[in-house]
Amino acid sequence: MQKVLLENLTLPQHANSYIDALHAILTHQGWITCSKSMLAGMTATAFRFTVDRRLTAESTSAYNWIAENFLAADFIGVTASSAAGFHFEPTFPLYQKQALSDIRKSLDRGIGCTIWQDRFVVVAGYDEDQQVLYISDGQAESYRALPYAQFGKGDSPYWYYQFLEGHIVLDEIAVYQESLVQAIFKWETHELMLPEAEYACGEAAYDAMIEAFRTGNYDLLGAGEVLQYYAIAKKDIATYVAALERYWPELRDASEKYRAVAQLVEEAARLLVAVKRSDDLSPTNTIIDLFGDAKVLEEKAVQSLKRLMRETIHNRFHDIGLR
C-alpha cells in the first residue's frame, strides 16, 4: 500500500486562513516566490472585509469558498478544482470518497491540497495502510494524522477541499491592476450569499463593528479573533500597496492611508484583549473611535485606487467586479 509525504509543506504557526494554505502550497510547488502579503494582495483576498453583526469568529470565513477561492487562484494563473457541502447530507459519504481520491491523486503528483477541518489546513501526505491524511494546521510543528473517516467531520458542519492543477505565468502588471479593481469592488459591494441583516461587508463592516461595540451586543471571544484576523489583513494590504508604488508612484497616498488603517485596527485588537465583559465601556469607546478613524482613512485610500484605475472601471460600466 502507498504512502506519500511531501516534505517541508507546512503552515506557519497560528495560520488559519485560506491564503496561508494557498501560499504554503504554491511556494512548496515553486510556482511563486513572493511573500504571503503579496499573494494576499494579488488574489484580492486581503481586501475581503466581512463581519457577522455580532462579531462571531466565523466572520472571517463567511464567504463563497468555491467561487472566491477559485478566483484567488485564477487571478494568479493557477487552475484549481474544489467541492464543498455539509457533512450531515445523506450523500456525504459519496463526496467524502471522491474527495479522498482527488486529494491522493494530487499528492501523487507532488501537489498539496487545501481542506476545511474547522479551519483551512494543508494536506501534505497520506498513508493507505493507516488510512490517514497528514495535515499541517498551524497549531503544531509536526504533521497531524487525520483518519480518512474523519475528513469533513469537524465541529463545524462544512466540508471543503481544493486541489491545484496547473500554472501559467501572467503579466504581473495586469495581475496588480486587476487586484486593485477587485479591492474597490469588495469595499463597495455586499457579498450576495450573505443576508445583510446578519452580515456587513466592505465599508459597511466598520459601521457594523462600531454598532456592536456601542450596544455591547457582540461575542467577546469571537470579536477578539475577528480583530486579530483583520489586523493582519490590513497590514497585508498596507505592505502590498506600498510595494506597488514601484510601478505607480501615485499610490503613495493610498499606501500611507492603508498603513495608518493597519495601525488603528492593530491598536483596537490590542485594546480588546483587556476587555473582560462586552459592557466594559472604557476601552470599547476608544475602540469605536479607532474604527471611525479607520473607516475614513480606508475610504480615502479606496478613492485613490479609483482615480488610478478609473479607465478600467469605466470600461466595465456598472459592474467593476466583472473580469
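One can find the structure itself at the top, above this paragraph.
My aim in this report is to walk through the structure given alongside it, one point at a time.

About the thresholds
For every chain, the first residue of the written sequence is number 1, and numbering continues from 1 onward in sequence order. Reporting in this predicted model follows two pLDDT cut-offs: at least 70 for local features of residues, and 80 or more for side-chain atom pairs to be given and counted; totals over whole chains, interfaces and linings ignore these cut-offs and use all residues. Side-chain metrics in this entry use all non-hydrogen atoms of the structure; hydrogen atoms and water are not considered. Surface patches are defined over residues having more than 30% relative accessible area and no salt bridge, joining like charges when they lie within 9 Å and nonpolar side chains (Val, Leu, Ile, Met, Phe, Trp, Tyr) when within 5 Å. Method for areas: the Shrake-Rupley scheme with a 1.4 Å probe, in which residue coverage is limited to the protein chains shown. The salt bridge criterion pairs a side-chain nitrogen of Lys or Arg with a carboxyl oxygen of Asp or Glu, the two atoms within 4 Å. Counting from the N terminus, the helices are the DSSP runs of H or I reaching at least four residues and the strands are the DSSP runs of E reaching at least two. Partly exposed describes any residue whose relative accessible area lies between the buried limit of under 20% and the exposed limit of over 50%, with all areas from a 1.4 Å probe on protein chains only and scaled to the type maximum. For every element, the axis is a line fit to its C-alpha atoms; helices are fit only across the contacting stretch, and the angle between N-to-C directions ranges from 0 to 180 degrees. If an angle is under 35 degrees, it is roughly parallel; if it is over 145, roughly antiparallel; if it lies from 65 to 115, roughly perpendicular; otherwise it is oblique. Rotating anticlockwise by less than a right angle from the far helix to the near helix defines a left-handed crossing, while the corresponding clockwise rotation defines a right-handed one. When residues are grouped by polarity, Ala, Val, Leu, Ile, Met, Phe, Trp, Tyr, Cys and Pro land in nonpolar, Asp, Glu, Lys and Arg in charged, and all others, Gly among them, in polar.

1. A short note on a nonpolar patch on the surface
Item 1. Taken together, the side chains of F86, F88 and Y158 make up a nonpolar region of the molecular surface, amounting to roughly 310 Å² of accessible area.
Item 2. By secondary structure assignment, the location of Y158 is in strand β8 (residues 158–167).
Item 3. Residue class for Y158 comes out partly exposed when judged on its relative accessible area of 37%.

2. Section: the pattern of salt bridges
Item 1. The tally for this structure, following the rule as stated, stands at 13 salt bridges.
Item 2. The shortest N-O distance in the salt bridge between R214 and E211 comes to 2.8 Å. Residue R214 and its partner E211 are located together in helix α6 (residues 203–215), separated by three residues, close to a single helical turn.
Item 3. For E211, a relative accessible area of 37% puts it in the partly exposed group.
Item 4. For E298, the salt bridge goes to K234, with nearest N and O atoms at 3.0 Å. Within this pair, whereas E298 is found in helix α9 (residues 281–308), its partner K234 is found in helix α7 (residues 220–244), the two being separated by 64 residues in sequence.
Item 5. A residue is classified by how much of its surface remains accessible, and E298, at 4% relative accessible area, is buried.

3. Observations regarding the packing of α7 against helix α8 (residues 252–272)
How two helices sit against one another is set out by the angle between their axes and by the gap between those axes.
Item 1. Closest axis-to-axis distance for the α7/α8 pair is 8 Å, and the angle between their directions is 160 degrees. Looking at the two axes, α7 sits roughly antiparallel to α8. Here α7 runs over α8; the crossing is left-handed.
Item 2. Residues of the contact of α7 with α8, tallied by class, amount to 17 nonpolar, three polar and four charged.

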